[in-house]
Amino acid sequence: MSLSQIAKACQGIYYGDKDKSETEVTSITTDSRKAEDGCLFVAVKGERADGHRFLPQVFEKGALGALVEVKPENQPGPYILVDSTLQAVKDIAEYYRQQLPVKVVGITGSVGKTSTKEIIASVLAEKYKVLKTLGNFNNELGLPLTVFRLREEHEIAVLEMGISDFGEMHRLSKVAKPDICVLTNIGLCHLEFLKSRDGILKAKSEIFDYIAEDGKIILNGDDDKLVTINEIKGITPIFFGVESGREVYADHIIPRGLKGIQCEIHAGGESFQAVVPIPGYHMVLNALAATAVGRTLGLSMEEIKTGIEKLESLGGRFHIIETDTITIVDDCYNASPSSMKASLDVLKDAQQRKAAILGDMFELGEDAAMLHAEVGAYAAEHKIDLLICVGEMSKNMAQAAKEAGGCQEVVYAENLDCLTEVLPGLIKKGDTVLVKASHGMHFENVVEKLREL
C-alpha cells in the first residue's frame with residue numbers, strides 16, 4: 001500500500017511531499033526500535049511512552065512516513081494525521097485484508113488459543129504457505145500488525161484472537177474476516193469484565209459477526225457451552241471431541257508422560273494414530289481441531305498426521321527444558337483455573353519428584369479467592385510433592401493445599417523476591433518443576449533462576 005492509499009483507508013490527512021505519497025510502504029510498526037527503510041511508523045500513546053516522541057529517530061532510520069494523532073512541531077518527514085492511531089491501524093488492516101485472496105483461520109477461546117494456533121499452523125504448513133500470529137499479537141493492536149505481515153506468497157493466515165471485554169471480538173472479526181472460526185472452550189477467564197461463562201460465550205461468539213458467507217465453524221463438542229451452538233448464519237458447526245458422536249473424534253488415548261500423548265483420530269470414515277509431542281489431555285483436543293481445519297482445507301489424513309507430529313513447543317507454553325540437574329516445565333506465559341489444572345494433570349505423570357511453582361491468576365473477579373483455593377486443593381489431590389505458591393491471591397491456594405493434606409510440602413512466598421531467596425533450598429536434583437502463573441507475574445524470571453540451579 002502507498003501512503004496515499006493508507007491515508008484513504010483510515011480517512012487521514014496526508015502531509016508531505018506529493019511524490020512520496022505514491023510510494024509503497026515496506027512494513028508497518030509501532031516500535032521505534034524496529035523502524036527501517038520504507039516503513040510506516042505508527043505513533044501510539046501508551047501507558048509508558050508516547051510514540052510521537054520518537055518521530056525524529058524513526059525518520060533517521062529511514063521510515064517512509066508516520067501515522068500520528070498530533071501534528072509534529074518540526075515536520076521530520078511525511079505523515080498522516082488521524083483522530084486515533086489505534087483505530088486507524090484497524091481501518092488500514094481491514095482494507096489490506098480485503099485486498100488479499102488468503103484464507104483466514106480465526107482462533108479464540110478461554111484457554112488453549114496459542115497451542116491450538118500452533119498445531120493448526122503446523123498441520124496446514126504441510127500443504128500451504130502459512131502465516132501465523134507471533135507471541136501475544138492477538139489483540140486490537142497485535143492482530144492488525146499480524147495482518148500487515150501477510151505477503152503475496154502466503155495462502156493461509158492462522159490468527160489468534162484474544163479479548164477481555166464485550167465488543168472487542170466484534171472489532172477483531174471486522175479486521176480478520178475469518179473464513180474458518182475455531183473455538184477451543186468457554187472457561188473461567190476475564191470474569192472481571194465478562195462476569196460468567198455465559199458472558200464469555202456471548203463475547204467469544206462475536207467472532208462470527210464477520211465470518212465469510214461460505215465459512216466454516218469448528219467447535220469443541222466436549223464443552224457444555226459450545227455444544228449449544230446449533231447454526232450461525234446458515235452455517236452448521238463441525239464438532240470435535242473424544243466422543244464417537246462427533247464429526248472428528250479421538251480414542252485410545254495414552255499419556256506418555258512429558259514425551260507427549262498418543263491417540264487415534266477419526267474423521268470421515270478414515271483414521272490414523274499419532275503422537276502429539278506436547279503432553280496433556282488438552283493437546284488431543286487441539287489435534288482434533290487441527291484435523292477438522294485440515295480436512296476443511298483439503299489436506300489428506302497423512303498430511304494432517306505429519307503436521308501434528310512435527311509440532312514444536314514454544315517458550316512459556318509447556319516448553320520442556322532439561323538442565324544438568326532438573327527438568328523444567330516452562331508453562332509461565334499465562335494461567336487460568338482450567339489451564340492450571342490441566343498442567344497439574346500432566347505433572348502428576350512425571351517419573352521423578354514433582355514440584356509446582358504456581359502464581360496468581362488475574363482477572364477472575366469476585367470469585368478469585370475461591371478459584372485459587374480450588375487449584376491448591378487440586379494440586380493436593382494429585383499428590384504434588386512440593387507446591388510453592390507465589391503472590392497475594394495464591395495464599396488461598398497454599399492454604400487449601402495444606403488443609404487437603406496431599407502434598408508433602410507446601411510453601412508460600414509473598415512475591416518473586418521472597419521466592420528467589422528460598423528457591424535453592426527447596427528444589428532437589430532430579431526434580432520435575434512446573435512453572436505457571438498469569439503473564440503479569442513475570443514468571444519467566446523464575447524459569448531463568450531454575451536454569452541457574
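If you look the protein up in an unreviewed UniProt entry, it shows as UDP-N-acetylmuramoyl-tripeptide--D-alanyl-D-alanine ligase from Robinsoniella peoriensis. Comment text from UniProt for the protein, heading Subcellular location (unreviewed entry), reads "Cytoplasm". Recorded under Pathway (unreviewed entry), the UniProt text for the protein is reproduced unchanged: "Cell wall biogenesis; peptidoglycan biosynthesis."

Student: I keep staring at the sheet that holds strand β2 (residues 27-29) and nothing clicks. Help me out?
Tutor: What links the strands of a sheet is backbone hydrogen bonding, and the strands pair in either a parallel or an antiparallel sense. Read from one edge to the other, the open sheet built from five strands follows the order β1-β5-β4-β3-β2, with strand pairing classed as mixed. Two strands bound the open sheet, and with one partner strand each, they are β1 (13-15) and β2. Pairwise comparison of adjacent strand axes, ignoring direction, gives a mean angle of 20 degrees for this sheet. For strand β3 (residues 39-42) and strand β4 (residues 65-68), the ladder comprises three bridges, and the chain directions are parallel. Paired with L40 across the two strands is G65, which belongs to β4. The sheet strands contacting helix α3 (residues 85-98) are β2, β3 and β4, and the helix crosses β4 at an angle near 120 degrees.

Student: Can you help me understand the nonpolar core in this one?
Tutor: As a rule of thumb, soluble globular proteins bury nonpolar side chains together. Within the largest apolar cluster, 117 residues are counted, with the highest numbers of intra-cluster contacts made by V105 and I308. At nine residues, helix α9 (residues 281-296) tops the list of elements feeding residues into this core. Setting aside chain neighbours within four positions, we find V105 in contact with I120, L124, I156, A157, V158, L159, I180, V182, V293 and L297.

Student: Would you take a moment to explain helix α10 (residues 301-309) for this structure?
Tutor: Counting along an α-helix, one turn takes 3.6 residues, and residues three or four places apart therefore face a common direction. Of all the positions in α10, only M301, I304, G307 and I308 are classed as buried. The arc that holds the buried residues of α10, viewed along the axis, is 125 degrees, so those residues lie on one side. Residues of α10 that are buried sit in contact with α4 (113-124), β13 (261-267), β14 (270-276) and α9.

Student: What's the story with the environment of L55 in this structure? I'm lost.
Tutor: Position of L55 relative to the elements: it lies in helix α2 (residues 55-60). The class for L55 is buried, based on a relative accessible area of 5%. Separated by 320 residues in the primary sequence, L55 and V375 place their C-alpha atoms 47 Å from one another.

Student: What is the right way to look at the pairing of β14 in this model?
Tutor: Each regular strand carries side chains that alternate between the two faces of the sheet. Bridge count for β13 against β14 is seven bridges, and the pairing is antiparallel. The residue of β14 that forms the bridge with Q262 is V275. The antiparallel hairpin formed by β13 and β14 contains two residues in its connecting segment, where G268 sits at a positive phi of about 55 degrees.

Student: Whenever I open this one, the sheet that holds strand β16 (residues 327-330) confuses me. Can you help?
Tutor: Within the open sheet, the six strands sit side by side as β15-β16-β20-β17-β18-β19. Their pairing is mixed. The sheet is open, and its two edges are formed by β15 (319-322) and β19 (409-413), each paired on a single side. Between one strand axis and the next, the sheet turns through 15 degrees on average, direction left out of account. Running over the sheet, helix α13 (residues 394-404) touches β17 (354-359), β18 (386-390) and β19 and is turned about 165 degrees from β19.

Student: I keep staring at the domain arrangement of the protein and nothing clicks. Help me out?
Tutor: When the parts of a complex come together, some accessible area is lost, and that lost area is often used as the size of the interface. For the protein, the assigned domains read domain 1 (3-82), domain 2 (100-310) and domain 3 (319-452). Taking only C-alpha atoms into account, the centre of domain 2 sits 28 Å from that of domain 3. Contacts between domain 2 and domain 3 engage 15 residues on the former and 16 residues on the latter. Together, the buried faces of domain 2 and domain 3 total about 1,200 Å²; carbon and sulfur atoms form 69% of this surface. Taken together, the connections running from domain 2 to domain 3 amount to zero salt bridges. With three residues, the single largest contributor to the side of domain 2 that touches domain 3 is helix α7 (residues 191-194).

Student: Which parts of the structure should I look at to understand the packing of aromatic side chains?
Tutor: Scanning the model with the defined rule gives two aromatic pairs in all. Their ring planes at 15 degrees and their centres at 5.0 Å tell us that Y15 and Y79 sit as a pair that is stacked. Of this pair, Y15 sits in strand β1 while Y79 sits in strand β5 (residues 79-81), and the two are 64 residues apart along the sequence. Ring centres of Y96 and F148 lie 6.3 Å apart, and the angle between their planes is 45 degrees; this geometry places the pair in the tilted category. One end of the pair, Y96, is in helix α3; the other, F148, is in the loop between α5 (142-147) and β8 (156-160), with 52 residues separating them in the sequence.

Student: Quick question: what am I supposed to make of the side chain of S27 here?
Tutor: Counting through the fold element by element, S27 comes out in strand β2. A residue is classified by how much of its surface remains accessible, and S27, at 16% relative accessible area, is buried. Of note is the side chain of S27, whose polar atom sits 2.9 Å from the side chain of E36. Beyond its immediate stretch of four places on either side in the chain, S27 contacts E36, G38, C39, L40 and R151.

Student: Where do I start with the pattern of salt bridges in this structure?
Tutor: Opposite charge on two side chains allows them to pair when their charged atoms are near. Inspection of every chain in the model, using the stated rule, returns 20 salt bridges. A salt bridge links R295 to E270; its shortest N-O distance comes to 3.5 Å. Taken as a pair, R295 in helix α9 and E270 in strand β14 lie far apart in primary sequence, 25 residues in all. Look at R295 and you get partly exposed, because its relative accessible area is 31%. Exposure remark for E270: the relative accessible area of 42% places this residue in the partly exposed category. The salt bridge partner of K305 is E309, with a shortest N-O separation of 3.4 Å. Linking K305 with E309, this pair stays in helix α10, spanning four residues, or about one helical turn. In the salt-bridge network here, residues are joined through shared partners; they are K90, E140 and R171.

Thresholds, definitions, all that
Residues numbered from 1 in each chain as written. Predicted model: local features only at pLDDT ≥ 70, side-chain atom pairs only at ≥ 80, totals over all residues. Heavy atoms only, no water. UniProt positions renumbered as here; feature names shortened; annotations may be inferred. Pairing = 2+ DSSP bridges. Helix = DSSP H or I, 4+ residues; strand = E, 2+ residues; numbered from the N terminus. Axes fitted to C-alpha atoms, helices over the stretch in contact; angles between N-to-C directions. Contact = heavy atoms within 4.5 Å. Core = buried A, V, L, I, M, F, W, Y, C linked by side-chain atoms within 4.5 Å. Buried < 20%, exposed > 50% of the residue type's maximum accessible area, 1.4 Å probe, protein only. Arc of directions from axis to C-beta. Domains from an automatic or database assignment. Buried area = accessible area lost by both parts, 1.4 Å probe. Salt bridge = Lys/Arg side-chain N within 4 Å of Asp/Glu carboxyl O. Phe/Tyr/Trp six-rings, centres within 6.5 Å; stacked < 30°, edge-to-face > 60°. Polar contact = N/O pair within 3.5 Å; in protein donor to acceptor, adjacent residues only side chain to side chain.

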